[in-house]
Amino acid sequence: MEALEDERIASYLTPLNFEYFFYLLLNKLYQLPMKSRFLILLFFLISAQVFSQGIIRGRVINPVNNDPVPFASILILDTDFGTISDEDGFFEISDIPSGLYNLRASFVGFKTVTIYEIQVSQARPVQLDIELEEETAELSEVVVSSEFSRSEETPLSIRRLNTNEIERYPGGNRDISRVIQALPGVASTPSFRNDILIRGGAPNENKFFVDEIEVPVINHFSTQGSSGGPVGILNVNLIKNVDLITGGFPANRMDAMSSFFEIQLKEGRRDKMFTQLTLGASELTLSNEGPIGEKTTYLFSARRSYLQGLFRLLGLPFLPTFNDFQFKSKTKLNEKTELTILGLGAIDNFVLNKEIPDDESGEDLENRLYLLDVLPVQSQWNYATGVKLKRFRDNGFWTFVLSRNMLDNSAYKYAGNQENDEDKLLYNYKSQESENKFRAENSIFGSGYTLKYGVNYQYSRYFIDNFDRATLSAIGQVIDISSTSNFSTYGAFVSGSKNYSGDRLLLSGGVRLDGGDFAATASNPFRQISPRVSVSYQLSPNLYATANAGVYYQKPPYTVLGFRNNEGALVNRDNDVRYIRNSQLIAGLELVVPEKNRRFTAEAFYKKYSNYPSSLRNGIALANLGADFGVIGNEPVISNAEGRAYGLEFLAQQRLLNNFYGIAALTLVRSEFTNPNTDGFVPSSWDNKIIVSLTAGKRFGKNWEIGSRWRFLGGTPYTPFDLQASSLIANWDLRNQGILNFNQINGVRLQAFHQLDLRLDKKYYFKNWNLNWYVDIQNAYNFQAKQAPLLVPVRAADGSISIDPNDPSRYQLKELENTAGTLLPTVGIIVEF
């Protein structure tokens, strides 16, 4: 009987009857002992391949006027699959084996486009809309254009990452802020923070746009006045592409000096609902997309962390929890009008775990007690929402963007964490930043030229309620202020580009004007004129020489603009705080080998800062702050610091070819600033000197993939403690931490840091669903990077702080070695259906 049933199973083992075979197999498994079931199922998942076939469908359009491009050729590279778009631009390629492919689209008179790493499976058809731009040169003069991301307005210092590159990046943990660390000019820190440090600039010199809507905060537990944080907010499941622009900034972008992130989200599915569930080491994420009627699609994502329970189980002294959500809808009102609605936000809470393990002693106990004495209880939430209306015409389009974003940040700390005793309150901080923005832009495309112009307006509110007896303890002052400030900023721009010599020479340029009412000198926009010009020349079919010169302005953070003294005066307005000015020069070469999917670039850059705010309390430029949690700039400042950053960048990039990909990046950089209490330029907190990043991966048969990344960063400088001031009992009791010696600003340098990250992926493609599990190992050889030492009190056997026997007005303090870096394995499961 069993033999007959086995023959029956074999007879149904065909593609058409695979479901029935799977049903019988499950019945067989159910009859076996539990251990045997598990082993057989594990063997099946490791070795079995589901011979599924998928579909790529979409539409080819002209991005200038949104018209379809009929009869365009669409080919899947290195295969025999391809098709031609119909009269309305629609196309479909079917019967494609599951896997990862590169696709090329072309049509006579249009620039050829290559789209990399399209994931095909039977669970869902791939929805792919392709934009083909018209060529401006005569047919006899057309040359092969770069297959990598370039634009006429920004022909240099731009890098692109797609969703597959972000998802599989070793050590990235599906976090865009970590993934971009593979690119040249981008520095990172050995801690678990996501500080984005680009070309020697501070973390608050970057701006983020999601589908052209500005999103100020992209990290959980963000440092107010900066941009860093430990975990990214954006869900990579929804991201289509990320463009990082590190120089030659387009004139329609404002208020940043180091980079702009242009993040493009996917468009929701037009055919049916699709869901993705991701279970990671620290969170659970649900993503969903689909149609709402015939004209509207949506994307939605929600994430809930369970770090608090995990950290409590591990006995850590702090317990963080984070949650976030994202939403996008796109409605085609008609063939020439699109409406996009975007929303995202996060809720973060950070509490202390005061339980001390019985077996903890020595430096481990001292570290725990130090953290409990220093770390505050914190809560933070933020959101950004916006509406974008895009209206096409024959030679261009209008773009209108209306958006609002808000950040609420609260933190308090009691001495000895005695929250039931108000006399022990060291500080209680709450602030809110809200912005309401409007932007209108007109883009005009002619024969061989483009012209853009637009205006923007922003109305902001900054609220602060701050009680602080710790910060000014050395001079016996207490901060106690509650106030609301309102600010308006405004701007306008015009830019254009023109091709010459059969598209071999590209000239582009623009001018911005920006102003604000936060200070007298800022109100006149002609004081903040921002000219910029770029040139790109095609030396040979695949070799380009590029250069850029520009001036850019950025307003100080709201913590600076809205700071008031106890009398309620806007101190920094009276100090005539100014827009920060940054002048840049860039020159480079780019070699593209399109038939091999390769790109090589070399760029030199020079950035000159002026009008940078410096602290009147401690005499240092705020550019040296921002690499920790808390608040930056909530103090009196004056715009008198200067800075400079300069260096060389080299990039070698191999897109997916023959199942191999890789990025090698080398950056040589110096970052230096002046400080009122020091002579000349001194290294900034972001002065790494050398940055190396090597990333490579290989895809194997049966959908296995291995990736690795190694990075090396030169040590950054830090400021040592003032032991004399720190040890005073009056100071320590109010601050619970050391006082830095700003007369030796960044006078000591850390050792170099290096780390190896590994990742293993395995994918399974079934008829109506996909399964992907991965193992990600950060810091595989467990390198311990030395950080600035901790200053902690010497404690007696009963836990009390020891008093200096030679000076009863002082505590006994000591420095503890402080290291960052730990072997961190992560296991994740992604289910799509």
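For the structure, check the block above.
A quick note: this is a predicted structure, and the numbers were derived from the prediction, not measured. In this numbering scheme, every chain counts its residues from 1 along its sequence in written order. In keeping with the model being predicted, local features are shown solely for residues with a pLDDT of at least 70 and side-chain atom pairs are shown and tallied solely at 80 or more, while totals for entire chains, interfaces and linings include all residues. No hydrogens and no water enter the side-chain calculation; it runs on all heavy atoms of the structure.

Regarding the sheet that holds strand E16 (residues 259–265)
The mixed open sheet is built from 5 strands, whose spatial order is E8-E15-E16-E11-E12. Bordering the open sheet on either side are strand E8 (158–162) and strand E12 (213–214), each of which pairs with just one other strand. Sheet topology note: the strand E11 (residues 206–210)/E12 ladder contains 2 bridges and is antiparallel. By the bridge assignment, valine 210 is partnered in E12 with isoleucine 213. When DSSP finds at least two bridges between two strands, those strands are taken to pair. Counting from the N terminus, the helices are the DSSP runs of H or I reaching at least four residues and the strands are the DSSP runs of E reaching at least two.

Brief notes about unusual backbone geometry
With a phi close to 50 degrees, phenylalanine 221 is a non-glycine residue in the positive phi region. In this fold, phenylalanine 221 is placed in the loop between strand E13 (219–220) and strand E14 (231–232).

Observations regarding the sheet that holds strand E5 (residues 99–106)
Reading across the sheet, the 4 strands line up as E3-E2-E5-E6 and stay open at both edges, with antiparallel pairing between neighbours. The open sheet has two edge strands, strand E3 (82–84) and strand E6 (113–120), and neither has a second partner. Within this sheet the neighbouring strands show an average axis-to-axis angle of 20 degrees, counted without direction. As defined by bridge partners, E5 adjoins E6 across 6 bridges and the pair is classed as antiparallel. Paired with leucine 103 across the two strands is isoleucine 115, which belongs to E6. The convention used is that axes are lines fitted to C-alpha atoms, helices contributing only their stretch in contact, and that angles between N-to-C directions extend from 0 to 180 degrees.

Thoughts on the pairing of strand E36 (residues 704–713)
Two faces belong to every sheet, and in a regular strand the side chains alternate between them. To sort residues, take the accessible area from a 1.4 Å probe on protein chains only and compare it with the maximum for the residue type: under 20% means buried, over 50% means exposed, and anything in between is partly exposed. Residue alternation in E36 divides its side chains into a buried set, Glu705, Gly707, Arg709, Arg711 and Leu713, and an unburied set, Trp704, Ile706, Ser708, Trp710 and Phe712. As defined by bridge partners, strand E35 (residues 689–700) adjoins E36 across 10 bridges and the pair is classed as antiparallel. If you follow leucine 694 over to E36, its bridge partner there is tryptophan 710. Note: E36 against strand E39 (residues 753–765), 10 bridges, orientation antiparallel. Bridge pairing in E39 places phenylalanine 712 opposite histidine 754.

As for the packing of aromatic side chains
Each aromatic ring pair is described using two quantities: the centre-to-centre distance and the angle formed by the ring planes. Any two of the Phe, Tyr and Trp rings considered here, Trp counted by its six-membered ring, make a pair once their centres fall within 6.5 Å; the pair's planes then place it as stacked at under 30 degrees, edge-to-face at over 60, or tilted in between. Applying the stated criterion to the full structure yields 24 aromatic pairs. Geometrically, the ring pair formed by tryptophan 381 and tyrosine 383 is stacked, given 6.3 Å between the ring centres and 5 degrees between the ring planes. What makes tryptophan 381 partly exposed here is its relative accessible area of 32%. With a centroid separation of 6.4 Å and 90 degrees between ring planes, the pair formed by tyrosine 553 and tyrosine 579 is classed as edge-to-face. Remark: tyrosine 579 occurs in the loop between helix H9 (571–574) and strand E30 (580–593) and tyrosine 553 occurs in strand E29 (residues 543–554); sequence separation between them is 26 residues. Members of the aromatic cluster, each reached through a chain of ring pairs, are Phe209, Phe249, Phe260 and Tyr552. Sitting over the face of the ring of phenylalanine 209, arginine 253 holds its NZ or CZ atom 4.1 Å from the ring centroid. To sit over a ring, a charge needs its Lys NZ or Arg CZ within 6 Å of the ring centre and within 35 degrees of the ring normal. The ring of tyrosine 774 is capped by arginine 759, whose NZ or CZ atom sits 4.0 Å from the centre of that ring.

Some words on helix H7 (residues 362–374)
Expected helix span is taken as 1.5 Å per residue step, with the number of steps being one fewer than the number of residues. Given a rise of 1.5 Å per residue, 13 residues ought to cover 18 Å, and the 19 Å separating the end C-alpha atoms of H7 matches this to within 8%. Should any heavy atoms of two residues lie within 4.5 Å, those residues are considered in contact. Elements in contact with the buried residues of H7: strand E21 (337–352), strand E23 (396–414), strand E24 (425–445), strand E41 (785–793) and strand E42 (813–820).

Some points on the pattern of salt bridges
A side chain of one charge can pair with a side chain of the opposite charge if their charged atoms are brought near each other. Put simply, a salt bridge is a Lys or Arg side-chain nitrogen that is within 4 Å of an Asp or Glu carboxyl oxygen. Tallied over the entire structure, the rule returns 48 salt bridges. For lysine 207, the salt bridge goes to glutamate 214, with nearest N and O atoms at 3.1 Å. As far as the burial class goes, lysine 207 and glutamate 214 line up, both buried. A salt bridge links glutamate 817 to lysine 786, with the shortest nitrogen-to-oxygen separation between them at 3.8 Å. Highlighted residues: glutamate 817 in strand E42 and lysine 786 in strand E41, separated in sequence by 31 residues. The class of lysine 786 is partly exposed, set by a relative accessible area of 39%.

Describing the environment of asparagine 204
Tracing the chain through its elements places asparagine 204 in the loop between strand E10 (197–198) and E11. A sequence separation of 353 residues divides asparagine 204 from proline 557, and the C-alpha atoms of the two residues are 8.4 Å apart.

Things to note about the nonpolar core
Think of a nonpolar core as a cluster: buried Ala, Val, Leu, Ile, Met, Phe, Trp, Tyr and Cys residues, connected wherever their side-chain atoms sit within 4.5 Å. The biggest cluster of nonpolar side chains holds 33 residues, and the ones touching the most others in it are Ile166, Ile180, Leu234, Phe261, Ile263 and Leu265. Contributions of two or more residues to this core are made by helix H5 (176–179), E11, strand E15 (239–245), E16, E21 and strand E33 (660–674). Among residues more than four places away in sequence, those in contact with leucine 234 are Ile176, Val210, Ile218, Ile239, Ile263, Gln326 and Leu344.

Structural measurements only, silent on function.
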